[in-house]
Amino acid sequence: MQAQGCFRLGDPWPPNGGLLWLALLRLHLGISPAPPLLCDPVPTPSMTSQPSRDRVAVITGPSGVGKGTLVRRLLERHPEIWLSVSATTRSPRQGEQDGRDYFFRSRQDFEQCIADGDFLEWAEFAGNLYGTPRQSVERNLEQGPVLLEIELEGARQVRQSFPAALQIFLAPPSFEELERRIRSRGTDSEAAIARRLERAREELAAASEFDAVLVNGDLEEALGQLERLLGLA
Ligand code: 5GP
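Residues numbered from 1 in each chain as written. Predicted model: local features only at pLDDT ≥ 70, side-chain atom pairs only at ≥ 80, totals over all residues. Heavy atoms only, no water.

**Q** Can you walk me through the packing of aromatic side chains in this structure?
**A** The way to describe two aromatic rings as a pair is by their centre distance and the angle between their planes. Considering all chains together, one arrives at five aromatic pairs under this definition. Here the guanidinium or amino end of arginine 159 rests over the ring plane of phenylalanine 210, the centre of that ring lying 4.9 Å away. It is arginine 201 that lies over the ring of phenylalanine 175; its NZ or CZ is 4.0 Å from the centre. (Phe/Tyr/Trp six-rings, centres within 6.5 Å; stacked < 30°, edge-to-face > 60°. Lys NZ or Arg CZ within 6 Å of the ring centre and 35° of its normal.)

**Q** Help me out: how do you make sense of unusual backbone geometry in this one?
**A** As a rule of thumb, non-glycine residues mostly have phi less than zero, and peptide bonds are mostly trans rather than cis. Of note, the phi angle at alanine 126 is positive, near 50°, even though the residue is not glycine. Within the secondary structure, alanine 126 sits in the loop between β7 (119-125) and β8 (128-133). Residue alanine 126 is classed as buried on the basis of its relative accessible area, which comes to 16%. (Helix = DSSP H or I, 4+ residues; strand = E, 2+ residues; numbered from the N terminus. Buried < 20%, exposed > 50% of the residue type's maximum accessible area, 1.4 Å probe, protein only.)

**Q** Could you clarify how one ought to interpret the environment of valine 213 in this entry?
**A** Turning to its location among the elements, valine 213 is positioned in strand β11 (residues 212-215). Taking the C-alpha atoms as reference, valine 213 lies 8.9 Å from glutamine 167; in sequence the two are 46 residues apart.

**Q** Explain the nonpolar core to me, please; I cannot follow it from the model alone.
**A** Soluble globular proteins tend to bury their nonpolar side chains together. In terms of nonpolar packing, the biggest core is built from 45 residues, with Leu74, Leu148, Leu226 and Leu230 touching the most fellow members. Here this core gets five residues from one element, more than from any other, and that element is strand β10 (residues 166-171). Ignoring anything within four residues of it in the chain, the contact list for leucine 148 reads Val56, Ala57, Val58, Ile59, Ser84, Leu120, Thr132, Val137 and Val158. Tyr102, Phe104, Ala126 and Tyr130 belong to the second largest nonpolar core, which has five residues in total. (Core = buried A, V, L, I, M, F, W, Y, C linked by side-chain atoms within 4.5 Å. Contact = heavy atoms within 4.5 Å.)

**Q** Just checking my understanding: could you explain the sheet that holds β8 for this structure?
**A** Strand pairs in the sheet, formed through backbone hydrogen bonds, run parallel or antiparallel to each other. Spatially, four strands are ordered β6-β5-β8-β7 in an open sheet, and the strand pairing comes out mixed. Across the chains shown, the open sheet's two edge strands, defined by having one partner strand only, are β6 (103-104) and β7. (Pairing = 2+ DSSP bridges.)

**Q** Help me out: how do you make sense of the confidence of the model for the chain in this one?
**A** Note that predicted coordinates carrying low pLDDT should not be read in detail. Per-residue pLDDT for the chain averages 82, and the proportion of residues at 70 or more is 77%. Throughout residues 1-43 the model reports pLDDT below 50, and contacts reaching past four residues in sequence, or to other chains, amount to 90 contacts. (pLDDT = per-residue confidence, 0-100.)

**Q** Got a minute to help me understand the site of the ligand in this structure?
**A** As a matter of local geometry, the ligand sits amid 17 residues, with Ser86, Arg90, Tyr102, Tyr130 and Glu151 nearest to it. In the model, an oxygen atom of the ligand is placed 3.0 Å from a nitrogen or oxygen of the arginine 93 side chain. Surface burial for the ligand is 95%, taken as the share of its 510 Å² of free accessible area covered by protein chains. When contributions to the shell around the ligand are tallied by element, the ones reaching two or more residues are β7 and β8. When the residues that make up the shell around the ligand are grouped by side-chain class, the tally is five nonpolar, five polar and seven charged. (Near = heavy atom within 4 Å. Polar contact = N/O pair within 3.5 Å; in protein donor to acceptor, adjacent residues only side chain to side chain. Areas by Shrake-Rupley, 256 points an atom, 1.4 Å probe, with all protein chains shown as cover. Nonpolar A, V, L, I, M, F, W, Y, C, P; charged D, E, K, R; others polar.)

**Q** Would you explain the pairing of β11 in this entry?
**A** For a regular strand, side chains alternate in direction, first toward one face of the sheet and then toward the other. By the alternation rule, side chains of β11 split into Ala212 and Leu214 and Val213 and Val215, which are all buried. Where β10 meets β11, four bridges bridge the pair, whose relative direction is parallel. Bridge pairing in β11 places alanine 171 opposite valine 215.

**Q** How should helix α4 (residues 134-141) be read in this particular structure?
**A** Since one α-helical turn is 3.6 residues long, residues separated by three or four positions face the same way. Considered for burial, the residues of α4 that qualify are Ser136, Val137, Asn140 and Leu141. Projection of α4 onto a plane perpendicular to its axis shows the buried side chains occupying an angular sector of 130°, all on one side. In this structure, α4 carries Gln135 and Arg139 as exposed residues pointing more than 90 degrees from its buried face. Those residues of α4 that are buried lie in contact with β3 (56-60), β4 (82-83), β7, β8 and β9 (146-149). (Arc of directions from axis to C-beta.)

**Q** How should I be thinking about the environment of leucine 141 in this particular structure?
**A** Note on placement: leucine 141 falls in helix α4. What makes leucine 141 buried here is its relative accessible area of 4%. It is 7.8 Å that separates the C-alpha atoms of leucine 141 and valine 56, two residues lying 85 residues apart in sequence.

**Q** Is there a simple way to think about the packing of helix α6 (residues 175-185) against helix α7 (residues 190-205) in this case?
**A** Relative orientation and spacing of two packed helices are given, respectively, by the angle between their axes and the distance between those axes. Where α6 contacts α7, the axes come no closer than 11 Å and their chain directions differ by 145°. Judged by the sense of rotation from one axis to the other, the crossing of α6 with α7 is right-handed. Of α7, the residues touching α6 (which contributes Phe175, Leu178, Glu179, Ile182, Arg183 and Arg185) are Glu190, Ile193, Arg196, Leu197, Ala200, Arg201 and Leu204. Each residue belonging to the contact of α6 with α7 can be placed in one class, and the counts come to seven nonpolar, no polar and six charged. (Axes fitted to C-alpha atoms, helices over the stretch in contact; angles between N-to-C directions. Left-handed = near helix turned anticlockwise from the far one by under 90°.)

See below:
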């Protein structure tokens, strides 16, 4: 599936604040400036009407950028999309439920699942393991569109198994804002925050690998852009 509309990579340079920031960040990080660019929204084939293996979309972005909130809003408006529930070795945060937010597993159990080939992809992130259960994705793909909300290494692995999947990167309006959002969750230790911020720099540097980059400044605006990318608006 080719990403069309909204923010694409590799088109002429646009006057866009959020994307300008991303380009500056790339320069700051010493990455060649190949900024994602703005073009007019172009209607895409709806992800609901694709053949089953093409109905996968991946959303990636640094921890704290607001992927969870954006995805929740998307699912409220499009309940036909199935969001994969990942397994993780991290401890539940307050309010999180096993089987709804994550499958919370011991490291030993998780490693057994890796050995058994139960994950479509898995990665270590900030000291914990995260993985997408293979079977439930394959089963749900028979029924309709599937969305994965995962980090960078996982997204790279999914490119091998589902090359047609639309890969979307969600970026913050600024690095300072990202740090503010992570801290305001109040759930992570100082060491965990430092690990997440370090990883965020690596993830932001990889934004140009993705089919499209959305800047999550205003939630409703980002939601509209996401819907257009998925062919839902
Ligand atoms: P958190 O601990 O904040 O819930 O998640 C940390 C990071 O792990 C986030 O970037 C989230 O998108 C990512 N993540 C969640 N589930 C998975 C998964 O199944 N696979 C991979 N690779 N990353 C995941």
